[in-house]
Protein chains: 2
Amino acid sequence: MVGTGLIGGSFALAARRAGLFDDIVGIEPDAERGRRALALGQVDRIARDVADDADAVLLAGPSHSVAPWVTRLAGHRAVLFDVASVKGAVLQQVRSEGPIPARFVPCHPLAGSERSGPDAAQAELFRDAEVIVTPTPVTDVAALDRVCGWWRAVGARVSRMEPDHHDAVLAVTSHLPHLLAFAYLQQVDDEHVRHAAGGFRDFTRIGAADADMWAPIFELNRDALLAALGDLETSLGRARRLLQDGDGSAMRAFIREAALRRGREAAVRGAGTGDG
Amino acid sequence: MVGTGLIGGSFALAARRAGLFDDIVGIEPDAERGRRALALGQVDRIARDVADDADAVLLAGPSHSVAPWVTRLAGHRAVLFDVASVKGAVLQQVRSEGPIPARFVPCHPLAGSERSGPDAAQAELFRDAEVIVTPTPVTDVAALDRVCGWWRAVGARVSRMEPDHHDAVLAVTSHLPHLLAFAYLQQVDDEHVRHAAGGFRDFTRIGAADADMWAPIFELNRDALLAALGDLETSLGRARRLLQDGDGSAMRAFIREAALRRGREAAVRGAGTGDG
């Protein structure tokens, strides 16, 4: 397992509980983080590199670390899988260095938290979460089946998507909300914070996320994120005009449209809109 | 009590539990809503107008309904208090029709939900919530004390602010996040919703709010909201440039600044950033 953060540590805990692997080895450039993962029982030991006889390698470092590792392990016997939030761009990086290994299965678990590191890991993180796999035309079917089986064994549902389509969808559902929360928070000071209520806390929760994780995601998915940002700027411009014109009935329609689209979330996922 | 929605109904339930009033009468133009408030035991009866011998009148309708009611009840003996999310603009509306009644105590409880109506009401809504009161130079001290006492009796903390300052603060902490969530949701379709995770749900929760409540808030607090929106547009423009330039280290600094400001929320309020 390369990277002992929230996702790697959680997968290790869950995999251990499900009895998926005999021995879990952590590769972690940050020595303190590696020690924590070891102390918390997430890994059996820390190593410098992947052993030649490893069966599976989870690449759980930041998004920009995935392609170099895939390239480096291209000739290894192990099944490789990652958890990066960007898929198309990572595959393109790998392709620029050589053929995509058939035993590399690109994955993105839609689970996480604004917290990070081994101490944030939990065995139940993937319970009922969706994992999107984005196999390529060369992906080995047996490797794909094994990886999907591991995700299911830790409680996740697996769905499948084209890599570039994944990046366009996630730009809207995840990357843009993070960028918006980061931008919004620039104007928030201590007085604002003192008088903030539940709406503020929910809206800005993702704004506490880790910069070392998110800057590379934005960079890798730049084009799709810029497109999503463009759509947002258009909507925001419309909101500004409705506000300036004092057009109450058009503003009501604008808000109703938003609430309707948010409401579908409840309908599609079976969760109440008042879920907290 | 004028208006039997989430806030009015919740206050009625909590006030009844605390034994604050002998008799709670609801005034509600929406007959079905009035029947629900009655059936749920939030009010003892529904009436068309405020009785001459009422001791207190809570104005719990939408923000734009407050000023007309204050003007109408200017000569009434009762202590008047409201719960509108905008304070300066409401006082200005009242002032445009005549002197501000001394027994009118402007209040804004920072409690609520994206849900609305009597069925969403709960006696514990104000427990540990902040209520901002914005007395004017003419506000009667005895009336102010009574209203603050009622809020404390239902579990709230009371703080005090200048009306216009309240509107500037709330434009940033509440009105802008709602506008942003509404604007963002315009581009969200069913496929996005199917692949949304916890971050999306938290970020958009306020986007399911009631249009009839929010359009008047935006209209009343237009100037402060436009100023807050201008700041956001500046930050978003900065984010766009960092993204286009591929300036990873400046993007990291931008994200760290956001996380730091969000982190203060935890520090100031004593709640973990991982509070859900």
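That block above? That's the structure.
What counts, and at which threshold
- Residues numbered from 1 in each chain as written.
- Chains lettered and ligands numbered in written order.
- Predicted model: local features only at pLDDT ≥ 70, side-chain atom pairs only at ≥ 80, totals over all residues.
- Heavy atoms only, no water.
- Helix = DSSP H or I, 4+ residues; strand = E, 2+ residues; numbered from the N terminus.
- Expected span 1.5 Å × (residues − 1).
- Buried < 20%, exposed > 50% of the residue type's maximum accessible area, 1.4 Å probe, protein only.
- Arc of directions from axis to C-beta.
- Contact = heavy atoms within 4.5 Å.
- Buried area = accessible area lost by both parts, 1.4 Å probe.
- Salt bridge = Lys/Arg side-chain N within 4 Å of Asp/Glu carboxyl O.
- Nonpolar A, V, L, I, M, F, W, Y, C, P; charged D, E, K, R; others polar.
- Least-squares fit on C-alpha atoms with pLDDT ≥ 70 in both.
- Core = buried A, V, L, I, M, F, W, Y, C linked by side-chain atoms within 4.5 Å.
- Pairing = 2+ DSSP bridges.
- Axes fitted to C-alpha atoms, helices over the stretch in contact; angles between N-to-C directions.

Enquirer: Would you mind showing me how to read helix α5 (residues 141-153) of chain A here?
Expert: Residues that lie three or four places apart on an α-helix share one face, since the helix turns once every 3.6 residues. All names here are of chain A. Under the 1.5 Å per step criterion, the end-to-end length of α5 is 18 Å for 13 residues, consistent within 8% with the ideal 18 Å. Residues of α5 that are buried: A143, L144, V147, C148, W150 and W151. The arc that holds every buried residue of α5, seen down its axis, measures 155°, which confines them to one face. In α5, the exposed residues that point more than 90 degrees away from the buried face are V141, D145 and R152. Downstream of α5 by one or two residues, G155 has phi in the positive range, about 100°.

Enquirer: Any chance you could explain the side chain of T134 of chain B here in plain terms?
Expert: Residues and elements named next belong to chain B. Note that T134 resides in the loop between β7 (130-133) and α5 (141-153). The buried category is assigned to T134, whose relative accessible area is 0%. The residues contacting T134, other than those within four sequence positions of it, are K87, L91, P106, M161, E162, P163 and H166.

Enquirer: Whenever I open this one, unusual backbone geometry confuses me. Can you help?
Expert: With the exception of glycine, most residues fall at negative phi, and the peptide bonds are largely trans. Positioned with a positive phi, D128 of chain A is a non-glycine residue whose angle comes to about 65°. Topologically, D128 of chain A is positioned in the loop between β6 (107-109) and β7 (130-133).

Enquirer: Even after reading the chapter, I still don't get the interface of chain B and chain A, so can you show me in this structure?
Expert: The accessible area lost on association of the parts is a frequent measure of interface size. Counting residues at the interface gives 88 residues for chain B and 89 residues for chain A. Note on chain B versus chain A: buried area summed over both sides is about 8,400 Å², and carbon and sulfur give 63% of it. Three residues, Q186, F203 and L243 of chain B, lead the burial of chain B against chain A; their summed loss comes to 9% of the area buried on that side. Linking R205 of chain A and D202 of chain B is a salt bridge whose minimum nitrogen-to-oxygen distance equals 3.1 Å. Among the elements of the structure, β7, α6 (163-185), α7 (190-194), α8 (198-204), α9 (211-220), α10 (222-245) and α11 (248-269) of chain B are those that each provide at least two residues to the side of chain B that touches chain A. Split by residue class, the side of chain B that touches chain A holds 42 nonpolar, 19 polar and 27 charged.

Enquirer: Help me understand the relation of the copies chain B and chain A in this model?
Expert: Put simply, the two copies of the chain differ by a rotation about an axis and a shift along that axis. Take chain B, turn it by 180°, move it 0.0 Å along the axis, and it overlays chain A with an RMSD of 0.0 Å. Interpreted geometrically, this transformation is the action of a two-fold axis. The position closest to the rotation axis in chain B is occupied by the C-alpha of F203 of chain B, lying 2.1 Å away. Interface overlap between copies is the fraction of interface residues in one copy that are interface residues in the other; for chain B against chain A it reaches 100%, indicating a shared surface.

Enquirer: Got a minute to help me understand the nonpolar core in this structure?
Expert: Note that soluble globular proteins tend to have their nonpolar side chains buried in a common cluster. Y184 of chain A together with Y184 of chain B are the most contacted members of the largest nonpolar core, which has 114 residues in total. When neighbours within four sequence positions are excluded, Y184 of chain B is seen to be in contact with V172, T173, L176, P177, L180 and L232 of chain A together with F200, F203 and T204 of chain B.

Enquirer: So what exactly am I meant to see when it comes to the sheet that holds strand β5 (residues 104-105) of chain A here?
Expert: Paired through backbone hydrogen bonds, the strands of a sheet run either parallel or antiparallel to each other. Residue and element names in this part refer to chain A. Pairing is parallel across the open sheet formed by 3 strands, whose spatial order is β3-β4-β5. Every interior strand has two partners, whereas the edge strands, β3 (56-59) and β5, have only one. Here β3 runs beside strand β4 (residues 79-82); their pairing, made up of 4 bridges, is parallel. Bridging across to β4, A56 finds its partner in V79. Packing against the sheet, helix α3 (residues 63-72) makes contact with β3, β4 and β5, and its axis sits at approximately 155° to β3.

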